[in-house]
Amino acid sequence: MRPIKIILADDHKIVRQGMRSLLESHPGFEVIGEADDGEEALKLLESLVPDIAFLDVMMPNLNGIEVANTARQRGLKTKLIFLSMHANSTYAVRALQSGALGYLLKDSDFAEILQAIQSVMEGRHYLSAAIADDVLGILLSSNADNNDSLDALSAREREILQLIAEGNTNIIIAQKLTLSVRTVESHRAHIMAKMRFKSQSDLVRYAIQQGLITP
């Protein structure tokens, strides 16, 4: 029986090293790649086609939620598990809505990680016990479908919102995304209007609340 092939995506090297060490101590797993940002994670998902990818929620360039959304849109079959320091039910709901099957906290023990891997390989969802009840409550509530107002933005607008919140100028964003500065300015204006932001401070505060960047 072949090992389960896994990639790790987290902008903290020590987290990736720790997870690799844990996983490779088990004969049934093979870590075949690592990424320190969302764009690299997406490339590895497409080029290596792992069975499972562990994603952090907050990563530079492209956050984990957008990686998951894009992977789903492209029809990639890798099963996704978020591994986050945030015991935040809103983040977990967004992760599940993006197509992930699992959401684990970084203080999970190895037994729970093994349980999560087994569950998602069988096509079942897995949530850390600390957030499971809150997540279920949100998903069952009448407001579940409207939980994330980021849905008002296009994928490109969400990408630009994160880059703005990270402190990038219009010129740098244009270079990163191979767009004209005028196009970036237009997207920025649409974001401000759609989300009713009065200032960049409002935008940054919202990005922190949504887990797109760290404070």
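Structure first, text after, so check above.
Residues numbered from 1 in each chain as written. Predicted model: local features only at pLDDT ≥ 70, side-chain atom pairs only at ≥ 80, totals over all residues. Heavy atoms only, no water.

Regarding helix α2 (residues 38-48)
For α2, the complete set of buried residues consists of G38, A41, L42, L44 and L45. Angularly, the buried residues of α2 cover 160° about the axis, an arc narrow enough to put them on a single face. Among the exposed residues of α2, those oriented more than 90 degrees off its buried face are K43 and S47. Contacts from the buried residues of α2 go to β1 (4-9), β2 (29-35), β3 (52-55), α3 (64-73) and β4 (79-84). (Buried < 20%, exposed > 50% of the residue type's maximum accessible area, 1.4 Å probe, protein only. Helix = DSSP H or I, 4+ residues; strand = E, 2+ residues; numbered from the N terminus. Arc of directions from axis to C-beta. Contact = heavy atoms within 4.5 Å.)

Points about the nonpolar core
One finds L45, L55, V67, L80, F82 and Y103 to be the most contacted residues of the largest nonpolar core, which totals 30 residues. The greatest single-element share of this core, amounting to 5 residues, is contributed by helix α4 (residues 89-97). Those residues in contact with F82 that sit more than four places away from it in its chain are L55, D56, V57, G64, I65, A68, A95, S98, A100, G102, Y103 and L104. Core analysis: the second largest hydrophobic core is formed by 19 residues, L150, A174, V184 and Y206 among them. (Core = buried A, V, L, I, M, F, W, Y, C linked by side-chain atoms within 4.5 Å.)

Points about the sheet that holds β4
Ordered by their spatial adjacency, 6 strands build an open sheet running β2-β1-β3-β4-β5-β6, and the pairing between neighbours is parallel. Both edges of this open sheet fall to β2 and β6 (126-127), since each of them pairs with a single strand only. Looking at chain direction, β1 and β2 are connected through 6 bridges and run parallel. Counterpart to I4 in the pairing with β2 is F29. With respect to the sheet, α2 is in contact with β1, β2, β3 and β4, its orientation differing from that of β2 by roughly 135°. Packing against the sheet, α3 makes contact with β3 and β4, and its axis sits at approximately 175° to β4. (Pairing = 2+ DSSP bridges. Axes fitted to C-alpha atoms, helices over the stretch in contact; angles between N-to-C directions.)

Topic: the packing of helix α7 (residues 155-165) against helix α9 (residues 181-195)
Close contact between α7 and α9 brings their axes to 10 Å; oriented N to C, the two are set at 95°. Taken as axis vectors, α7 and α9 run roughly perpendicular relative to one another. Of the residues in α9, those in contact with R156, E157, I160, L161 and I164 of α7 are H187, R188, H190, I191 and K194. Of the residues assigned to the contact of α7 with α9, the class counts are 4 nonpolar, 2 polar and 4 charged. (Parallel < 35°, antiparallel > 145°, perpendicular 65-115°, else oblique. Nonpolar A, V, L, I, M, F, W, Y, C, P; charged D, E, K, R; others polar.)

Some words on the packing of aromatic side chains
Tallying each qualifying case throughout the model produces 2 aromatic pairs. Ring plane angle 25° and centroid distance 6.5 Å describe the contact between F82 and Y103, whose orientation is recorded as stacked. Note that F82 is positioned in strand β4 and Y103 in strand β5 (residues 102-105), a separation of 21 residues in sequence. The residues F82 and Y103 share a single accessibility class, namely buried. (Phe/Tyr/Trp six-rings, centres within 6.5 Å; stacked < 30°, edge-to-face > 60°.)

Interpretation in functional terms is not warranted from these geometric data alone.
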